[in-house]
Structure formats: structure tokens, C-alpha cells
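The lines below spell out each chain.
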Amino acid sequence: MNANAQNYNPWLHRFILVTAVATFLLLGSGGMVTSHEAGMSVPDWPNTYGYNMFLFPVSKWVGGILYEHTHRLLASGIGLLTTVLAVWLWRKDARGWMRWLGVLAFVLVALQGVLGGLRVTLEMDQLGIVHGALAQLFFVLICALALFTSRWWQTVALAHDRHSEENAAVTDRRYQSLRWLVLGTTFLVFLQLVLGATMRHQHAGLAIPDFPAAYGKIWPDTSAAAVAHYNADRMEVISENPITAFQIILQMVHRMVALAIFILVAVCAWLARPPGAPASLPASQVPNTDFRRQDGGGPRDGVPIHRRLSLFWLGLVLVQIILGAATIWSNKAADVATAHVLVGALALATGALWCAIAFGPTIAALCERRVEDRRSPTATAAGAHPAMIGNK
Amino acid sequence: MKDAKGTPVLLLIALLAAAPAARAADIIGTITLKGTPPAEIPITPLMDNPDCAAMHKTTPTTHFYVVGPKGELADVVVSLKGVTGKSTGASAPPVVLDQKGCLYVPQILAIQTGQKLIVRNSDNCIHNVHCTPTVAGNEEHNDAQMPGGADLTYTFPKPEMFLRFKCDVHPWMFAWVSVFDSPYFSISDPEGKFVIKNVPPGKYTVEADHRKLGSKTQDVEVKDSDVTANFTFEVK
């Protein structure tokens, strides 16, 4: 068994999985706060209408208070789970970098709590955008911790044949292109989430009320007269801020980035298709990029991990596009808009975890090489280290 | 011999005393709307809230366009453009903005800089009073107001059009308060009529602002009698 498998702690892994699920629910809760325009419905923090937050009477959880107050309570729960997670990792995980990731998770959740509170007490919408974006990154971190504490990661991913990795580096440019494309697309997904958060915190409702057209056109008229006409016709119950040309352009950019993400994810799926080995390539040099276990085990259906991830990611993006359209068609119904936020979070997490899987073995190999070089520099001088062959 | 030099001065004083004194006058007018505005929409989230629904027999609607049978347009804020530094707000009686039936009453208000705005909670439920000014110098506030709680009082030192008040507990609740640096403003009534009282003689630009329809202006000259300035807005 791989030495890394000794790090495997099933209960820790399960605890982190629970934290990840709870964090996902918290994202939904936060999404509902914004979707219901309830972010300022509790004017004080950390108290709630003068009560200790944990003693606020249930009878007063009404209207927007219900969403904001339950969000604060859930966030407190996540804070507690994350604290336990960080301490547990620090005490029990032999990998130094994992211990520090646990510390990072604790710092992020504490920062999130403060940001959420300051957004209320300082009455700053901009902090709401940062709070929303950071929430997504925190969710990605917890999902990554769940991955890194999994048996699969520690017995399969890092046991990935280094020689095959080297061969892949030399012979499979498609794999190299794939993982860099996944990385770039993941960053674009995060940018899209920030765009979405910025749109939602304008508190102006739908800047463009139709889809796929925009005010009946491919590109809407954003002149002052046109915007005045849009506002005159606009009948909103909540989100009473008048719309501006900036908000209309922001939504158009969001739509275009969505299209770009779809194309990029589709290309990733294309690149992740099962590699047909060139006839001229010896079997020993066919790259093992599907993370099958060295004992021949692995995914039962034989579908490589990258293929699975690419299809899952593509599916998520398609659902996300449908939800985006539905958000407009439903006049920004709170549940639809919140689902759009949640699927966006899943898309970001999927891309990030795929990056971890694609780059993890390379990073691990580099780290191992550095450790071995430090231990016996003369051995390195005597002969080429296998990990160095073809490794980028 | 009598001194004749003071006679012309005395005559001038007598003439001035006899002349009618120039007096302040009112600017009056009617505001009408041409065209058919979009239909008002029901405030369904209000009826989804048990506390608020209990105060209404039918679902209230929005009031973006309050139009009479002959096109009379209400809720238009009429003021004298560019007249500043004339505020008597500090000594003016306070204006009351009430929360009744989970709605702000009235929805369109106007006050002077420094004038007290009293926000009252007449409902049997929690509200938060959240004002979001956009003009530097006017401070944002977000205050809890429990049922039966004390009135909240605000003042704003800077002129601002349609300063928004909202309740985040009940996100359909909005009021729009315009702040002027003079007492020369009025809001058109359901008959579309407005009166700006006691305007000193002079030339002015009268501005009429509707939250959805934008603004229109008209130049007038106030002498010693009331001046009429009518406005027509159009829905396109």
C-alpha cells in the first residue's frame, strides 16, 4: 500500500464531507438572503434586534428576518464545524500542507463571519459582493479537503505511475492541454461568479427582462433615452433601484462569459475523450492518465476519471445555462435565482477539484523530488531521477 | 425763508408709500399624463406574509402611476430649480412617514434640509427603517422599529431627489423622500394639482419630477399675482 494511505482517516474524511454538505446549504441560505433582498433586515450584529443571536424568539423570525437570521445561525454552525476540522487536521494529519490548509479554512470562515457582520453594520453593498465571492472559495477549499482526505486520493491519485506521467508529458500533449485548459476555465468560472455576485448586489432586479434577446435585440440600446424608457416601463415589487446602462452591460458580459465557459468546458470534454493510442506507440508508453489503480482495479465501468469529470462539468454548465434563462423568465424568482447560485458553486468546485487531480501528482512528485534532493544530493548527481524525465 | 431742498425727498417717500408693495405669490398648476401607463401589479409577497395579509382584505397593488380619469397625474414633485440656501427646515413642523398595513404612507414625500422626518410604526409587526441616500452628506440609516416602538426621527442636510426609504423585513415597502434647500416645493394631489406657496417675486425655473417619467421644466416670472405652470408628461 502506498505510504500516503497511512494518512487515511475515515472519520475525519466523513466529518469533512458533512462540513462540505453543510457549507453548500449555507451557500443556499446566503443566496436566499440576497434573492429575497433581506441582507439588511437585521440592522444589528452580532445581536439580532437587541437579542443574543441564539436567543432571538422564533416568533419574530418573520419576513426577511427569517432568511437573514437563519443564515447567521447556520454560519455559526459552519464556524464550529470548521474549527473542529482545523483542530482535527492539525492534530492528526501527517501532511504539513494539509494542517495549514485546515488553518486556512478556519481563517476564511472567521473572515467570512466578520465580513458578513460588517456588511450589515457598515451598510456596504460592496462587502456583500466580497462576502459572496469568498463563500464560494471557502466551499471549494472544504471540497478540496474532502478530496485530499479521501482514500481514493491517498491510494490512487498519488500512486499514479510517475513514469506514465512522464510519458504523458512527452507523448500526450492532449492531456497537458486539457489540464491547463481546465485550470483556465476554472478561473473563468470564478470570474463569472464574481460578475454574478456584482449583479445581484446591485439590488436592481433584472437589468434585462428577456432572454435570449436583450430588450428584443442581440445587443440592447443603452443610451440615456433608452434606459429612461426601460425604467418607465419597469414595474417591480421589490428591487426598486432604477436600472442603469452599467447594469445592462454587466448582464450582457455575464451572458457572453457563460457562452465562453460552455465552449471551453465542451472543449475540455472533447480533450478528455478516451485516448486512442497511436498504432506506433508501444503499449508500455500509452499514458495512464485514467488513474486506475496499479492492481488493475479502478472505475468499474472503465470510464477514466477525466472523462467522468468532463461530462459532469459539462452537465453542470448546461443546467446552469438553463437556470440562468429560468431566472430571467421567472422574473428572478428567489428559488430559481438561488439554485443558479448553487449550481455555479458546484461548477467552480468541480473545476477546482479537477485541477487538483490533474496537477496533484505533478506537484506531489515535485515535492518528493525536493525532499529527496535535500536528503541525498549526491544520489541526484549520480544519475537522473526518474521523476525528472520529461517532467515539466 | 423756508428750506426747499427736502421737499423732493419727502415727495419721493410719499410716492413710495402710496405704491402697492410687491408681494409673494403662489405658483399653481395641474399635471397631466398623456398615454396609457403600464398596469400596476399586485404586491403578492405582502399577502404571503401572515402579519401583513391580516391587515388587507384584497391584495394591494403598486402605485407607480397614480392617474385620474382625465389623465390627472399625482405624486409629481414640483420645485423651484436652483433655489438653495433658503431652507426654513430647522423651524418647520416635522413631517410624518407612517408604516401602515406593511406599506409606507405616503409613498412620495418632500421635506426641507434640516427638517425633521418622523417615521412611525403603526403596524403590529417589526419593521426596519432603512434609508439609502445617494448624495454625499446625507447619512444612510438602518434602524429597527418594533411594534408600538418609539418614532424614529431623521434629518438630511443636503438636497436630494427621491431619497429611498425601505423595509428589508418586508422588501416591497418603499417610500421616496425629496429633500429641498428651500420651502418652495409641492407634490401634485390626486387631481394633479400643485401649489408652491409664497414665492418671492422673480424669475424661476419650475421643475416637475416623476419617479418613473423623469422631469420637465418651465420658466416663469412671479410678480404680484399667482402664476400658472401646467405640465404634461407622456408615456411612450
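Here we summarise the structure given alongside this text. Keep in mind that what you see is a predicted model, and the values were worked out from it rather than measured.

This part covers the nonpolar core. Residues Val78(B), Phe165(B), Ala175(B), Val177(B) and Ile196(B) are the most contacted members of the largest nonpolar core, which totals 65 residues. By residue number, the principal contributor to this core is strand β11 (residues 174–180) of chain B, which donates six residues. Ignoring any residue separated from it by four or fewer positions in sequence, one finds Val78(B) in contact with Phe185(B), Ser186(B), Ser188(B), Phe194(B), Ile196(B), Val206(B) and Ala208(B). Grouped together as the second largest cluster of nonpolar side chains are 61 residues, Ile16(A), Leu26(A), Ala38(A) and Leu348(A) included.

All names here are of chain B. What you see with strand β2 (residues 77–80) is no split at all: Val 77 and Ser 79 on one side and Val 78 and Leu 80 on the other are buried throughout. Looking at chain direction, β2 and strand β12 (residues 185–187) are connected through three bridges and run antiparallel. The partner of Val 78 across the bridge, within β12, is Ser 186. Bridge analysis of β2 against strand β14 (residues 202–210) gives four bridges, and the strand direction is antiparallel. By the bridge assignment for β14, Val 77 is matched with Asp 209.

Another aspect to go through is the sheet that holds strand β9 (residues 152–154) of chain B. All names here are of chain B. Within the open sheet, the four strands sit side by side as β4-β3-β6-β9. Their pairing is mixed. Looking at strand neighbours, the two that pair on one side only are β4 (103–105) and β9, the edges of this open sheet. Strand-to-strand twist across the sheet, computed as the mean angle between neighbouring axes with direction ignored, equals 25 degrees. One ladder, built from five bridges, connects strand β3 (residues 95–100) with strand β6 (residues 117–121); its direction is parallel. Bridge pairing links Gln 99 to Asn 121 in β6.

On the side of chain B, 28 residues touch chain A, which itself brings 23 residues to the contact. Tallying contributions element by element places helix α8 (residues 224–233) of chain A first for the side of chain A that touches chain B, with five residues. Looking at the side of chain A that touches chain B residue by residue, the class counts come to 11 nonpolar, seven polar and five charged.

What counts, and at which threshold
- Residues numbered from 1 in each chain as written.
- Chains lettered and ligands numbered in written order.
- Predicted model: local features only at pLDDT ≥ 70, side-chain atom pairs only at ≥ 80, totals over all residues.
- Core = buried A, V, L, I, M, F, W, Y, C linked by C-beta atoms within 7 Å.
- Buried ≥ 20, exposed ≤ 12 C-beta atoms within 10 Å, placed from the backbone.
- Helix = DSSP H or I, 4+ residues; strand = E, 2+ residues; numbered from the N terminus.
- Contact = placed C-beta atoms within 7 Å.
- Pairing = 2+ DSSP bridges.
- Axes fitted to C-alpha atoms, helices over the stretch in contact; angles between N-to-C directions.
- Nonpolar A, V, L, I, M, F, W, Y, C, P; charged D, E, K, R; others polar.

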